[in-house]
Amino acid sequence: MKEYLSADDFAKVHNLDPGTIRRYKFDGRLPEPDAVIGVDADSGKRQHYGWLRETVETWRRSEASD
């Protein structure tokens, strides 16, 4: 079974606040998620994103610098 890291997990790996990771996701500064769980955004239901550990660990914080 594949394991995916949540946005909160992503934040922990990079020693960032979870809110920062959510902002980076909204701004398009994170890699595309490896998994999307939930109902279509048009339905009004929140989707949850997941990243493989390798994706999270290879992301460079410098990519997200302002």
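Further up the page is the structure itself.
Everything quoted here is computed from the prediction, not taken from an experiment. (Residues numbered from 1 in each chain as written. Predicted model: local features only at pLDDT ≥ 70, side-chain atom pairs only at ≥ 80, totals over all residues. Heavy atoms only, no water.)

1. Concerning the packing of aromatic side chains
Basically, it comes down to this: Under the pairing criterion, centres of Phe, Tyr and Trp rings, with the six-membered ring standing for Trp, must be within 6.5 Å; the plane angle then separates stacked pairs below 30 degrees from edge-to-face pairs above 60, leaving the rest tilted. What counts as a helix is a DSSP run of H or I of at least four residues, what counts as a strand is a run of E of at least two, and both are numbered from the N terminus. The buried label goes to any residue with under 20% of its type's maximum accessible area, the exposed label to any with over 50%, and the partly exposed label to all in between, with areas taken from a 1.4 Å probe on protein chains only.
One pass over the structure, following the stated rule, counts 3 aromatic pairs. Ring plane angle 80° and centroid distance 5.2 Å describe the contact between Phe10 and Trp51, whose orientation is recorded as edge-to-face. With Phe10 in helix α1 (residues 7–13) and Trp51 in strand β3 (residues 48–52), this residue pair connects regions lying 41 residues apart in the sequence. By the burial criterion, Phe10 is buried, and Trp51 matches it.

2. Details of the nonpolar core
Our working definition: Residue types Ala, Val, Leu, Ile, Met, Phe, Trp, Tyr and Cys, when buried and joined through side-chain atoms within 4.5 Å, form a set referred to as a nonpolar core. Whether two residues touch is decided by their heavy atoms; if any such pair falls within 4.5 Å, the residues are in contact.
Core analysis: the largest hydrophobic core is formed by 11 residues, namely Leu5, Ala7, Phe10, Ala11, Leu16, Ile21, Tyr24, Leu30, Trp51, Val56 and Trp59. Taken together, the elements giving at least two residues each to this core come down to α1 and α2 (18–27). In terms of residues, this core owes the most to one element, α1, which gives 3 residues. In this structure, Val56 is in contact with Leu5, Phe10, Val13, His14 and Trp51, ignoring residues within four places of it in sequence.

3. Examining the sheet that holds strand β2 (residues 35–37)
The condition is simple: Whether two strands pair comes down to DSSP finding at least two bridges between them.
Across the sheet, 3 strands lie side by side as β1-β3-β2; this open sheet has antiparallel pairing. The open sheet is flanked by β1 (4–5) and β2, the only strands paired with a single partner. Of the pairings in the sheet, the one linking β2 to β3 comprises 3 bridges and is antiparallel in character. Among the inter-strand pairings, Ile37 is bridged to a residue of β3, identified as His48.

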